[in-house]
Structure formats: structure tokens, C-alpha cells
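Given next are the chains, with one letter for each unit.
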Amino acid sequence: MKKSLLSLLLAVVMVLAAVLTLASCQPGENTSAGDNSQTSEVAKSYTYNDYMSGSPATWNVHEWETNSDSYIMGFCEMGLYDFILNDSLDGYEIIPEMAAEMPVDITADLTADQRTLYGIPEDATEGYAFTIKLNEAACWEDGTAINADTYIYSMQQMLSSSMKNYRASSYYEGTLTIANAAGYYNNDAVGNPIYAAAGDAGYASLADVPEGTELFIDMWGFWGLKGCVDAEDNECPQWVAITDDTMYRDTAVKDETAAEAWVSSKYLYDNYFAAGKSYEGYAPSYVGLQTGTYAETPWESVGLVKTGDYEIAIYLSKAISDFYLKYNLSGNWIVKEDLYEANKFTEGNLTKTKYGTSAETYASYGPYKLTAYQTDKQITIEKNDKWYGWTDGKHEGQFQTTAINCVIIEEQATALQTFLQGKLDNVSLTATDMATYRSSDFILYTPESYTSKLSFNGDIDALKARETAGKNKSILAYKDFRKAISLSIDRTEFCAQCTATHSAGYGILNYMYVYDPETGALYRDSDEAKAALCAYYGVENEDQITGYDVTAAAALFQSAYDACLADGNISATDVVELEFSVYKSDDGYVKIVNFINDAVAAATVGTDLEGRVTIVLKADENYYENCQAGATDMIISTWGGAGMDPYSIAECYCVNSKHFEYGFDAETETLTINVNGEEITKTYNEWYIALCDDEYAAADYSTRLQILAGIEGGILEQCYTTPIYYRTSASLESRKVVNATEEYVQIVAFGGIRFMTYNYDDEAWAAYCAENNNQLTY
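Residues numbered from 1 in each chain as written. Predicted model: local features only at pLDDT ≥ 70, side-chain atom pairs only at ≥ 80, totals over all residues. Heavy atoms only, no water.

Draft legend 1. Structural view of helix 1 (residues 67-76). Of all ten residues making up helix 1, ten are buried, and the element is well covered by its neighbours. Where helix 1 is buried, its residues contact strand 1 (47-52), strand 16 (368-374), strand 17 (378-383) and strand 18 (403-408). (Buried < 20%, exposed > 50% of the residue type's maximum accessible area, 1.4 Å probe, protein only. Helix = DSSP H or I, 4+ residues; strand = E, 2+ residues; numbered from the N terminus. Contact = heavy atoms within 4.5 Å.)

Encoded structure:
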């Protein structure tokens, strides 16, 4: 079965600057928190000298994608609420920033008309509607007031159906879902047909669909044809009638002259879903019908309302807890209207804006402002004297930094050299650097929420399509073979040889995830999470988990080979050659691929696969997309972010357009989970929806924990992905600066720029470097 192509996806980019910026967090992304300090010594300058490996493409809050994009926003913007280091330096507290006070839950006071308009249940008494008083002192860097109109205009633009902004989904789906926002976002589809899979429309089989109903195939979901075109360059629609014989180019097949490189909806129906065909049982998931047409959603029905000059009300389509409301509102969505409008332009059928692509097209409203930007060279950020925090009496002793100077340095070795000259205040370290700096008093270890894992192509048709004579790939479709690869890898040794500071990883979520934000309880420390890992690795307690068992791996390699041979999918003389796609063929990636190749070779000794399995490196800048399209055999993929909302990570594994594991169909594969003593079976995708959008979205944390652990255990048992390591970055901090705490604190890291202080001002630091001939030691 084929899978959908990679939807626009945020590539994982690890930037040290993430621990420096303000303490607002963007759930779903790894924009780590941090805040810093200010003193009354206004005559002195304290410049933080930073670097990135590449320039941001845009820092428009509606369009940013990567951590590099979010860099400027981290200093120049503020959320309605912020997470900051507490007074005892061992946790965080939540404070209002762009909001004047904490949100007020008004769900119980809603009228019947309001409940009808926003789809809020009649019996709901909390979690659906809130009023937020705004900070009346907030303004743009030019002094223009920021009021309720600013928030309304900005959200209208964020959700605009004519702009299709990248970040709009943060508000029309997910944990914080504004009522009717999705409809407003899709107003460009007014009058277009709405399709639904037969199963979603209530039909258990196609035979139950009323006779005469026109049927359509989900060409994106079943055969991965999103973005593919026909012979005349017309894009393949998602839903195509089963009688339509238009041929579309299947890019997963490299040879476009091959018969299988072109496919039509009629062909798929006749050969897969028609009565008696191999996928007839899956038809209700991929064959559908028109259920209606899109109707216009006026702005007046969207759940964001001005209730005063400096007050807004927000109405949600699903309940949210007090913590997650503030967590999601620690980011912001506002833009400066005159600049945003002045920079609009037309791009194809869309209206876009150049807002946030230069110093001239951007407006700041945080403690700092962008004053200069040179692509691939430098970013200059200085104190914003219009920021309310300098005079409100609530930020004393904070933000001592007077400027941030960020240069673009592509090569880490160059950055390290620059740091040792005193020209940078931090530098990331590589595995090679650790021999020199591991014992430095200035080294900083930053745990990250990311887990890196092997993602396999387990689809036998896609694997066969890429085989050549005598070189087998089909065996990767066998679960035992994939699990054997997992058990052949000594993760501890892998981390020691192939990474600077990462640690062995056994679960798809690492130790950074908090399942109960009210208590700070860690997911990995829960009995449920421990049980999931113990069951997969076949041990009685967590302390016994190593993930490394050559004997078991050998037995699984043999059983996979026996099954593959019996099925006629491998010959007795075939060798197995698997492509391991990586971003580029540098020393680091070569070391990773060689380690895994050697591990597999060692584990096959004494089996019929001894000396017959080779894993080869393939450099491919588009390896993520090609993995999701079934055009490679395996990659290392990474998911993480949203450390306080581990439940949302289920999307990365249970939504076909998100996960990388080709051959795993989250919409048809089922999983049984014991929830509060009741055995319940759903597809993986249904479990994700139930956990994050439906019946369990507002359940108690104990119940949600059971489901999350069940999903993790199920994903591991499928063996389409296997965790290898949990990520931790290492860096050196300059002698010039002092973090508020040396211990990493969830959400707020080491305190960030809000609480950072300095041992030297700029003048004294320059003198110190000169005294040491600009050759510092660490």
C-alpha cells in the first residue's frame, strides 16, 4: 500500500540560540525558552555576541518555519503570557506580559446563542471560553499602541484563506483550536465539494453505500500522489472518481517509462478495491463520496472577539486546561498592520507579504528591536526603548543585555575559532571537540526533547520496485528483520562513537516530557511508560533495558530470511543491499552508517544472511521527503518539541502525512489499549484524534497517560521505527556571561537572556581579550 507524500514539514534544525531567547514557547516546535537581565548601569554596554549557521528566511510570525526563522522573534516579540525562571531557580512560573492579567474562564456564563454559534456543549462549564485583558502599555517600537484591534486584525490575516499562512494551523487545529477558525481558513473552497471516506461517512463497506452514489479514491492517502501531475502537468486532486482513467505520474517509481510509474483512479479501484480484490477490506478508508459543499464562514462566527479596547474573548472548539491555555498563548500572532499591508503582493493565486523579511519590513514590540539585517552576514538587535517593561516596575534586575549581535558562520570549526578569539559568547561543540573541552568549567549541556530514530521503508511493493538483479530489499518489509536491526545496535557505544553528547534512546519520547504539568511528573518516569518499554524489549524492569541483544537479533534475522524465502521474495543467492539516506556524505554521517552496517554484519554471523547484508550511504538533501515517498530504504529521522505536551507528539506517528515510516498505515492499522480497565480498539489515527481532539482531549492526566503509553508501545511493536538516541547539545559559554542557573530547568532552560548577567561590559571585555592576545582558553 502506498503512503501520502511529505506535507510541508519543519526540518529539525538544532540551534544553540534556542536556549538564549525569551521564555515564550511555541508548542509543537523546539523553540526553547530563555530570558535575561537588565541593570541600572545605563551608561555601560553589554552586547551578547551570537551566531547561526544560516540566515532566517522570514521572521513573520504568520509564516516562520525553522528555528533560524524564529531567532529574531525570540528577542523582539512577547507572548500574552511568559514562562520565567522562579525565584528559587529550580522551576518556572507563569506571568502575564502582553496580557494585563491571567485569563478568566467564562464558559459557565455563555448564552445559548453563543454555545450554538461556537459549537460549545450545552453542559460545558469550563475550558471553552476565556476573556483576556490586554496590557495597555504595550506598543510597537515606534510608539503605536497595541490594542484589541491589533489582535483581531492579526488573527484575520493569520487565518486568511487568500494567504494560506504556514502557522495558521496553530489556531485552527491542535491543542488550542479557535472555534470556526478552520472554516474561515478554508473560505477559498466555498462551493467546492466536501469528500469523506466511506467509513468516516458511516458505511462499514462499499456495499452499504446507496446504489448510484458516485465514488472517489483518495489518491493522496492511498497512493501518495499529492503534488504529482498528469501528462499535461495538471496536479492530481486528492479525490478522483473511480471511473476516471487520467494517468498520474507516480514519482516513487524512478523510471518514468515503467508501466507502474503511471496510475489512474480507475486502475486503483479495479485492481485494489473492487469486490474480491486484495484491498477490498480497506476500501472504506480510501474510497469515499461527496458529503456536501463548503459553505462560507464569516469572520463574525470565528471565536476571537473584541470585548473592549483592551480586552479580547477567545472561544474554543474543544476544551483546554488553564495550563495549556497559557502554554499556547506564550507565543503571539500580532503584526503591525501598516507594514503588513504595505508589503503585500500576489504570488500565483495567493496574497503574500514581505513583512518580516528585512529590518525595514518588520516592527518589534518586545524588550529588543531589530535594527539591521544583512542576509548571510549579520543580525543586529538593540534595546527597544518603547518596551513597557523598562518602566512598569515588574522587570527590575532583568534584561541586562543591551544588544545582540548575531553573525552567520556556516562552519562550526570557524565558529569555535571565532569564540576562542573572544568574538562570540557561545559555541556549539562536536564529537571531535569533546576530547578537548569535556572537562571545561565553561561547558554547558542542554538536554533536548528530540529523539532520533531509524525510520524504515516497510512497503514490499515500493521495495521491490527499487530492487535490481541479485540485490534484495524486500526483506525489509518483514517485521522480524526490522526488529533485528534494532537489537543489533549497541546504543551506548553508538552514542560514544558517533555523537558528542547524546545518550542511548529506547522510547519515542525521551526524559524531557512532562505528562502532568500541574505536578511536573515526567512521562518516562511513569509506570505506564516504563511498562511500554519493558514489554517491547522483553525485560521485567526498566533497569534491564539496553536495546542490544545480538543473540535475539540473529534469531530474528534468520526467521525473517526463512519467511522471505518461503514467500518467494528472496533467493538463496541474493544479497541484501539497503540504502541509508542522509543529508550529506560528511565524516559524521559516514561514521553513523558504518556503525550500523557493522552492527548488522556482526549480528548476522551464523545465520543464512551472514556476509549478505550491506547498508550503503546515499547523500540526499531531500531524504525526508524521499523517505516518506518510499524512495529510499531507511533514514535517521527526528521528532520532538512541546515538552509540556507529550500527547501532541502522537501526531508525528499516527498521521500518515506526518510520519516518515513508509508502509505503516496509521489509518488502517489497529491498536488495543486498556483504558481504565476497559479494552478499547481503534486505529492509530483514531487514537491520536481521540487523545488530542476528541473524547480524551480533556480527560484527566492519568487516563491520557495510559493512552499515550499504549500508543508508544504499539508504535515500537510495529518496528517501522526504532529509537537510537536522545539528543543533548554541548556548548561553551563565554567567560563574559553568567547564566542564572547552571542546572537545566524545563521550559526556561538556564534562564535565558531575561536573567543573564555579565562579568564584563563591552569595554572591559575588549580589554581582557587584548590582554590575552585574543587567544582565550577554556
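Picking up where we left off.
Draft legend 2. Representation of the sheet that holds strand 6 (residues 193-197) within the structure. Spatial strand order, 6-11-7-8: four strands in an open sheet with antiparallel pairing. Each end of this open sheet is capped by a strand with a single partner; those strands are strand 6 and strand 8 (239-241). Across the sheet, the mean angle separating the axes of adjacent strands is 45° when strand polarity is ignored. Helix 7 (residues 265-273) contacts strand 7 (216-218), strand 8 and strand 11 (287-293) of the sheet and is inclined by roughly 85° relative to strand 7. (Pairing = 2+ DSSP bridges. Axes fitted to C-alpha atoms, helices over the stretch in contact; angles between N-to-C directions.)

Draft legend 3. Region of interest: the pairing of strand 17. Looking at chain direction, strand 16 and strand 17 are connected through six bridges and run antiparallel. Opposite Tyr-368, over in strand 17, you have Lys-383 as the bridge partner. The antiparallel pairing of strand 16 with strand 17 creates a hairpin that spans three residues between the two strands, and Asp-376 there sits at a positive phi of about 65°. Strand direction decides the pairing type here: strand 17 and strand 18, joined by five bridges, are antiparallel. Bridge assignment links Ile-379 to a residue of strand 18, and that residue is Cys-406.

Draft legend 4. Spatial organisation of the packing of helix 15 (residues 491-498) against helix 18 (residues 587-603). At a minimum axis distance of 10 Å, the contact between helix 15 and helix 18 shows a crossing angle of 155°. As the angle between them shows, helix 15 and helix 18 are arranged roughly antiparallel. In this structure, helix 15 crosses over helix 18, and the sense of that crossing is right-handed. Residues Glu-493, Phe-494, Gln-497 and Cys-498 of helix 15 touch helix 18, and the partners they reach there are Lys-591, Ile-592, Phe-595 and Ile-596. Classifying every residue of the contact of helix 15 with helix 18 gives five nonpolar, one polar and two charged. (Parallel < 35°, antiparallel > 145°, perpendicular 65-115°, else oblique. Left-handed = near helix turned anticlockwise from the far one by under 90°. Nonpolar A, V, L, I, M, F, W, Y, C, P; charged D, E, K, R; others polar.)

Draft legend 5. View of helix 3 (residues 148-158). Burial within helix 3 is extensive, with nine of its eleven residues counted as buried. Every buried residue of helix 3 is listed here: Ala-148, Thr-150, Tyr-151, Ile-152, Tyr-153, Ser-154, Met-155, Gln-157 and Met-158. Where helix 3 begins, one side-chain oxygen reaches toward the backbone nitrogen of Asp-149, 3.1 Å away; that side chain belongs to Asn-147. (Polar contact = N/O pair within 3.5 Å; in protein donor to acceptor, adjacent residues only side chain to side chain.)

Draft legend 6. Structural context of the sheet that holds strand 4 (residues 104-105). Strands sit in the order 4-5-13-12 across an open sheet of four strands; the sheet is antiparallel. Here the strands that pair on one side only, and so sit at the sheet edges, are strand 4 and strand 12 (304-308). Inspection of the sheet shows strand 12 paired to strand 13 (residues 311-315) by four bridges, in the antiparallel sense. Looking at the pairing, Lys-306 lines up with Ile-312 of strand 13. In the packing of helix 3 onto the sheet, contacts are made with strand 12 and strand 13, and the angle to strand 12 comes to roughly 170°.

Draft legend 7. Highlighting the environment of Gly-224. One can find Gly-224 in the loop between helix 6 (219-223) and strand 8. Residue class for Gly-224 comes out buried when judged on its relative accessible area of 4%. The spacing of Gly-224 and Gly-630 is 406 residues in sequence and 9.2 Å in space, taken between C-alpha atoms.

Draft legend 8. Region of the structure containing the packing of aromatic side chains. Overall, the coordinates contain 54 aromatic pairs when judged by the stated rule. Residues Phe-273 and Tyr-286 carry aromatic rings whose centres are separated by 6.4 Å and whose planes lie at 25° to one another, so their mutual orientation is stacked. One end of the pair, Phe-273, is in helix 7; the other, Tyr-286, is in helix 8 (residues 283-286), with 13 residues separating them in the sequence. Take Phe-273: its relative accessible area is 1%, and that puts it in the buried class. Using a relative accessible area of 0% as the deciding quantity, one classes Tyr-286 as buried. Relative to Tyr-768, the ring of Tyr-760 lies with its centre 5.2 Å away and its plane at 40°, an arrangement referred to as tilted. Look at Tyr-768 and you get buried, because its relative accessible area is 19%. Geometry around Tyr-720 places Arg-482 over its ring, the cationic atom sitting 4.1 Å from the centre. (Phe/Tyr/Trp six-rings, centres within 6.5 Å; stacked < 30°, edge-to-face > 60°. Lys NZ or Arg CZ within 6 Å of the ring centre and 35° of its normal.)

Draft legend 9. Representation of the side chain of Arg-482. Inspection of the secondary structure puts Arg-482 in helix 14 (residues 479-487). The side chain of Arg-482 is buried and forms no salt bridge, while Glu-669, the nearest opposite charge, is found at 8.1 Å. Residues contacting Arg-482, with those up to four places away along its chain left out, are Phe-456, Gly-458, Leu-476, Ala-477, Gln-718, Cys-719 and Tyr-720. (Lys, Arg positive; Asp, Glu negative; His and termini not counted. Salt bridge = Lys/Arg side-chain N within 4 Å of Asp/Glu carboxyl O.)

By themselves, these are just geometric observations and shouldn't be taken as functional.
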